[in-house]
Amino acid sequence: MEMVLAVLIGLALSATVGFRIFTPLLITGIFERVDWVTLSEGFSWVGSTPALIAFGAATIFEILVNYIPAVGSFMKLISTPVAALAGILLTASFIGDVNPFLEWTIAIVGGGGVATASHATLTAVKGVSDTVLMGPAVSVAEDATATIAPILIFLVPVLAVVFLLGMAIVMFRLYKRFLYRKSPA
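Draft legend 1. Up close: the overall build of the chain. Along its length, the chain carries 8 helices and 0 strands. Secondary structure elements in the chain, listed N-terminal to C-terminal, are α-α-α-α-α-α-α-α. When the backbone C-alpha atoms are referred to their principal axes, the chain occupies close to 50 × 35 × 25 Å. In the chain, once contacts between residues fewer than 6 apart in sequence are set aside, the share between residues at least 24 apart is 74%. Roughly 9900 Å² of accessible area belongs to the chain as shown, and the carbon and sulfur atoms make up 77% of that amount. One finds the centroid of the 9 positive side-chain charges in the chain at a distance of 21 Å from the centroid of its 10 negative side-chain charges.

Okay, here's the thing in structure tokens:
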């Protein structure tokens, strides 16, 4: 059961990467630094001072850039591979005591896939919101979700399941809406 919860926490954190790539990494590093979470062997560096400084600087840059509509949308487009890597890292950092092949398969397919899907979905939303001048409101919602969701996932791990289900429902609805608009009438 503990292993399943660890995988779900990793996947839920990977989903939050879609909102802001570096905020979940920074929060994970802070929680690891103060010993509120224990990461898998080999991932304690996430809570090191250099990593926290790097994640903090990247978080500030990412947040500021997203309030400039054209630049924010462009950065979202080119940062998809970084989101996938962050999702892989976050998922792998919580999976321990298993066969390395299984660990990295779950991390790459699950964590990378969830991070890429949530990031791609939010990139599409961001692109549309910028065209209707709702970009700043969407950016505030992204910032809030990227900050609050990881904290809640760490404090109440069962919320990882709720968050993953909620993200799946939102992505499915957006996908259906996109298909409905693309189909010829």
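Draft legend 2. Molecular detail of helix α3 (residues 49–65). Over its 17 residues, α3 extends 24 Å from the first C-alpha to the last, a length consistent with the 24 Å expected when each residue adds 1.5 Å. The set of residues buried in α3 consists of Ala51, Leu52, Phe55, Gly56, Ala58, Thr59, Glu62 and Val65. Contacts made by the buried residues of α3 are with α2 (22–33) and α4 (69–78).

Draft legend 3. Representation of the nonpolar core within the structure. In this structure, Ile9, Leu13, Val17, Phe94, Ile153, Phe154 and Phe163 are the most contacted members of the largest nonpolar core, which totals 41 residues. Among the secondary structure elements, those contributing two or more residues to this core are α1 (2–16), α2, α3, α5 (80–94), α6 (100–131), α7 (135–155) and α8 (159–182). In this structure Phe154 touches Ile9, Leu13, Ile27, Thr28, Phe31, Val37 and Phe94, once residues within four positions along its chain are discounted.

Draft legend 4. Seen up close, the pattern of salt bridges. According to the stated counting rule, one finds 2 salt bridges in the structure shown. One salt bridge connects Arg20 with Glu142, and the closest N-O pair in it is separated by 3.2 Å. Taken together, the residues Arg20 in the loop between α1 and α2 and Glu142 in helix α7 connect sequence positions 122 residues apart. Taken individually, Arg20 and Glu142 each receive the classification buried, so the pair is uniform in this respect. Here Asp143 makes a salt bridge to Arg20, at a shortest N to O gap of 2.6 Å. A residue pair is termed long-range when its members are at least 10 positions apart, and Asp143 in helix α7 and Arg20 in the loop between α1 and α2 qualify at 123 residues. The residues Asp143 and Arg20 share a single accessibility class, namely buried. Via salt bridges that share partners, Arg20, Glu142 and Asp143 belong to a single interconnected network.

Draft legend 5. Region of interest: the packing of aromatic side chains. Tallied over the entire structure, the rule returns 6 aromatic pairs. Connected via pairs of aromatic rings, a cluster forms that spans Phe31, Trp36, Phe94 and Phe154.

Draft legend 6. Broad picture of the layout of surface pockets. By volume, the second largest pocket is sized at about 300 Å³. As for the second largest pocket, its lining consists of Glu2, Met3, Leu5, Ala6, Ile9, Thr38, Leu39, Ser40, Phe94, Gly96 and Asp97. Element by element, the count of residues in the lining of the second largest pocket is highest for α1, at 5 residues. Grouping the constituent residues of the lining of the second largest pocket by class yields 6 nonpolar, 3 polar and 2 charged.

Draft legend 7. Representation of the side chain of His119. Relative to the helices and strands, His119 resides in helix α6. The buried category is assigned to His119, whose relative accessible area is 1%. If we ignore the near neighbours within four places in the chain, the residues touching His119 are Val17, Gly18, Ile21, Lys76, Ser79, Thr80 and Ala83.

Cut-offs and rules
Residues numbered from 1 in each chain as written. Predicted model: local features only at pLDDT ≥ 70, side-chain atom pairs only at ≥ 80, totals over all residues. Heavy atoms only, no water. Helix = DSSP H or I, 4+ residues; strand = E, 2+ residues; numbered from the N terminus. Contact = heavy atoms within 4.5 Å. Areas by Shrake-Rupley, 256 points an atom, 1.4 Å probe, with all protein chains shown as cover. Lys, Arg positive; Asp, Glu negative; His and termini not counted. Charge placed at Lys NZ, Arg CZ, Asp CG, Glu CD. Expected span 1.5 Å × (residues − 1). Buried < 20%, exposed > 50% of the residue type's maximum accessible area, 1.4 Å probe, protein only. Core = buried A, V, L, I, M, F, W, Y, C linked by side-chain atoms within 4.5 Å. Salt bridge = Lys/Arg side-chain N within 4 Å of Asp/Glu carboxyl O. Phe/Tyr/Trp six-rings, centres within 6.5 Å; stacked < 30°, edge-to-face > 60°. 1 Å grid on protein atoms, 1.4 Å probe; cavity = no way out; pocket = protein on both sides within 12 Å on 5 of 7 lines; lining within 4 Å. Points joined across faces, edges and corners; volume = space filled by probe spheres on them. Nonpolar A, V, L, I, M, F, W, Y, C, P; charged D, E, K, R; others polar.

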